[in-house]
Amino acid sequence: MADVTNDPMALSADAEAPRVEQESRWVTVRRAFRSAPLTAWFGMVVIVLYIVVAIFAPLIAPYDETEVVGDSFFEPGTLMFTSDTVEDGRAFKKDLTTHFDGVIERLEINSENMRDIFITSDAPEKIFVKKFVDDPEWGITPQQFDSFAGELRTYLAPHDFTEDALELGTDQIGRDTMSRMIYAARNTVGIALVTTILSFTLGSLLGMLAAVVGGWTDNILSRIVDVLMSIPQLIFALLLLTILGANVINMILVIALLDSTRVYRLMRAVGMNIVVMDYVEAAKLRGEGLWWLIRKEILPNALAPLIAEFGLRFCFVFLTIAALSFLGLGIQPPTADWGTMVRDNAQLITFGQPVPLYPAAAIALLTIAVNFVVDWMLHRSSGLKE
Amino acid sequence: MHPISKMALQRLALGIFTLFVVSVIIAGAVEFLPGDLAQEILGQAATPEAVAAFRAEVGLDKPPVERYFSWLGGVAQGDFGVSLATKRSISELISARLGNTLFLAGFAAVIAVPLAVTLGMLAALYRNTWFDRLVNVSTLSSISFPEFFVAYVLILFLSVGYGFDARWVLALIGLFLLVEGFGAVKEGKRIGRFSVIGTIFGIIGLAMVVNALFGWWNFKVGAVSAFPSISNISSGAEFGERVHRSFLPALTLTLVVTAHMMRMTRASIINLMASPYIEMARLKGMSPARIIVKHALPNALAPIINVIAVNLAFLITGVVVVEVVFVYPGLGQLLVDSVSKRDITVVQGCCLIFAATYILLNLTADILAIATNPRLLHPK
């Protein structure tokens, strides 16, 4: 057979065979994409966008995730402006009080440096901004409030950090919301991805094991999964987090374990259908080991439903982590994370500031995108024709 | 014995057994607590005598099995022990809050169930029309939203009265109509009213998008501040007051659950409509209304009951986050507070109630499904 390579026919066939196969695969992929509905395209574009933002977060974000760049602008109760440029605090105070006569209840200037200016009210905390916004007696609308803040900023112009970078303002301790949103893409999505991968590895390995080995292994594993699934997942997670203590590592482990039960069920069901196939029987008779059966016979044939399931599980894990972080039991500060950001800024919503909605919308958008893509994939693989 | 009641009894026994296993897990949770529970609560500075006295007081000095059965005995009589953090009776803490949570979940269910089932059926019957696609896209988005997102959006527009440009909403609807209209025109082979509808859709949609871009016509939506954003319900509140105060949390839950329920109803009805007996009825020339009433509905009952039960169970998890957002004095709020305080006895009590409700709901669904569809008595 050594002289086969000298045969021009054989050579050309050899060279051509892989190319043709590659081309046809490329064509299938292209055809699939061309027939993708608008929603699927939307989903794919959004997912790619999130990935880019997550990978290049340090390059995109104007400030660091924990860097304090401004003052706690939105904190209810107190408005604080700091500047090195206010030469005469007293004059500024006079200006302000005459200009905003009847609007500001009390205006204080830090007597130590004569530069930090506090505008507060005597009323209990949190009343001030609310009064500002919706009490008719004060006669100031959110728009007026914004222009008021704008005037203050103009006054402090040389130190103006709010010009372009702080599109979304600062959070409760003066970190740039935009930068934290960008870093959170990395943290939140990264942690959700790690959890999903962990849950998938565990669930699918055990599921295939149960399908291949059967008997007692299958019985015991399935009964454990039944019990784990008989308690709502979030409730179980809360119980486990009480015992282990609420932190990121524990959260990842707990959610991965609880979520792997669903993967196990799916994998076992799919595996059961594959195990009875003749080629698996043949491999068994050939004397192949357990690991070979799982890796070479079952896994490649179970891949299609697994990929769609991965998307669904990711959404679920992502939402659970967001919920736990929102409840203060997941990702802990100062790590930037969307769920925690919603929690931290939640108060602002009652003052007519939509700030907590930005991180919440970031979560919602990614889940929608993944769901759209998964929906399209499921629709394709189910073979339903419109 | 009737086979159905026999099956129901079997399921009941299985449910009770599951509940038992779950209670063992919840009670056993303390055993896995790293370190000593008493030491953890009293702090590192506590003297060994104080720790020993505390252990005796709470009953930690007894062996686990004995402790479990005395706990279970207490639970059976409605006594969940005392909170480790506040030393108050847990039954007292729970009883008022359980009522509130059930009220909230019931409120949401009363709106969500009829709404979801009706819309789900309509989407299934008008399958592959613009209505179905609209329902599909909006429910898919809605199940992707975290509960707190829905909650804060509702607060912003129904409680704070923020208001937003209706132009952009109109533009979104316009885009949808444009796409739908384009699709309808492209399927021009079905001439007649379809392409007419497509053209009309396209024109209206285009007008809406152009309106938003140039900002001609505008009005504000969602500038309502009729509902409180904090649902602090006192124990003696009137019914009307309760409904008003818990309106936003209930609406949040409704929106989240309805989407799930609708999708599942749609899927099960479509599945049903593909079965051979429906095709047979259609082929022999039965009217669509008769097919639905005579053949589809009786068989649809079992899957719909299942869908409802699954989603009511889903409400249980949703309730936790929603209660925290609205500071609603319910069981979920208590659970979250206790988890962050690591007040394990309260967490146990709450978890047991949530788990029991969940198991009971699934059990009821199982039995009802079998009762309405005796074929399930004989699994393949």
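Draft legend 1. Spatial organisation of the interface of chain B and chain A. Contact residues are listed per partner, giving 49 residues for chain B and 40 residues for chain A. Summed over both partners, the interface of chain B with chain A comes to about 3,900 Å²; 81% of that surface belongs to carbon and sulfur atoms. On the chain B side of the contact with chain A, Ser144(B), Phe148(B) and Tyr152(B) bury the most area, a combined 16% of that side's loss. At the boundary of chain B with chain A, the tally comes to one salt bridge. Ionic pairing is found between Arg263(B) and Asp375(A), a salt bridge with its closest N-O pair at 3.5 Å. Where chain B packs against chain A, one counts two residue pairs in polar contact (both at pLDDT 80 or more). Of all the secondary structure elements, the ones that give two or more residues to the side of chain B that touches chain A are α1 (3-28), α6 (130-144), α7 (147-159), α13 (288-325), α14 (331-341) and α15 (344-372) of chain B. Per-class residue counts for the side of chain B that touches chain A are 37 nonpolar, eight polar and four charged.

Draft legend 2. Here's a closer look at unusual backbone geometry. Phi is positive for Val327(B), which is not a glycine, with a value near 45°. Within the fold, Val327(B) resides in the loop between α13 and α14.

Draft legend 3. The nonpolar core, seen in detail. Core analysis: the biggest nonpolar cluster contains 142 residues, and Phe326(A), Trp338(A), Phe148(B), Tyr152(B), Val325(B) and Leu335(B) have the highest contact counts within it. Sort the elements by how many residues they give to this core and α13(B) lands first, with 15 residues. When residues no more than four places from it in sequence are discounted, the contact partners of Phe326(A) are Gly339(A), Thr340(A), Val342(A), Arg343(A), Phe148(B), Tyr152(B), Val321(B), Val324(B) and Val325(B). Membership of the second largest hydrophobic core comes to 16 residues, among which are Met208(A), Val280(A), Leu293(A) and Ile294(A).

Draft legend 4. How the structure looks around the packing of aromatic side chains. Residues and elements named next belong to chain A. Tallying each qualifying case throughout the model produces nine aromatic pairs over all chains. Consider the rings of Phe42 and Phe372, whose centres lie 6.0 Å apart with planes at 65°: the pair is edge-to-face. Highlighted residues: Phe42 in helix α2 (residues 38-55) and Phe372 in helix α14 (residues 357-381), separated in sequence by 330 residues. Considering the side-chain rings of Phe318 and Trp338, the 6.4 Å spacing of their centres and the 85° angle between planes classify their relative orientation as edge-to-face. Residue Phe318 is found in helix α12 (residues 290-326), and its partner Trp338 is found in helix α13 (residues 338-345); the two are separated by 20 residues along the sequence.

Draft legend 5. Highlighting the confidence of the model for chain B. Residues and elements named next belong to chain B. On average, residues of chain B carry a pLDDT of 79, and 85% of them reach 70 or more. By mean pLDDT, the top-scoring element of chain B is helix α12 (residues 276-283) (89), and the lowest-scoring one is helix α2 (residues 37-42) (66). Interface confidence for the predicted complex, expressed as ipTM, amounts to 0.81; the pTM equals 0.76.

Draft legend 6. Representation of α6(B) within the structure. Over its 15 residues, α6(B) runs 21 Å from end to end, which matches the ideal 21 Å to within 8%, given 1.5 Å per residue. Buried within α6(B) are the following residues: Asp132(B), Val135(B), Thr139(B), Leu140(B), Ser141(B), Ser142(B), Ile143(B) and Ser144(B).

Rules and cut-offs
- Residues numbered from 1 in each chain as written.
- Chains lettered and ligands numbered in written order.
- Predicted model: local features only at pLDDT ≥ 70, side-chain atom pairs only at ≥ 80, totals over all residues.
- Heavy atoms only, no water.
- Contact = heavy atoms within 4.5 Å.
- Buried area = accessible area lost by both parts, 1.4 Å probe.
- Salt bridge = Lys/Arg side-chain N within 4 Å of Asp/Glu carboxyl O.
- Polar contact = N/O pair within 3.5 Å; in protein donor to acceptor, adjacent residues only side chain to side chain.
- Helix = DSSP H or I, 4+ residues; strand = E, 2+ residues; numbered from the N terminus.
- Nonpolar A, V, L, I, M, F, W, Y, C, P; charged D, E, K, R; others polar.
- Core = buried A, V, L, I, M, F, W, Y, C linked by side-chain atoms within 4.5 Å.
- Buried < 20%, exposed > 50% of the residue type's maximum accessible area, 1.4 Å probe, protein only.
- Phe/Tyr/Trp six-rings, centres within 6.5 Å; stacked < 30°, edge-to-face > 60°.
- pLDDT = per-residue confidence, 0-100.
- Expected span 1.5 Å × (residues − 1).

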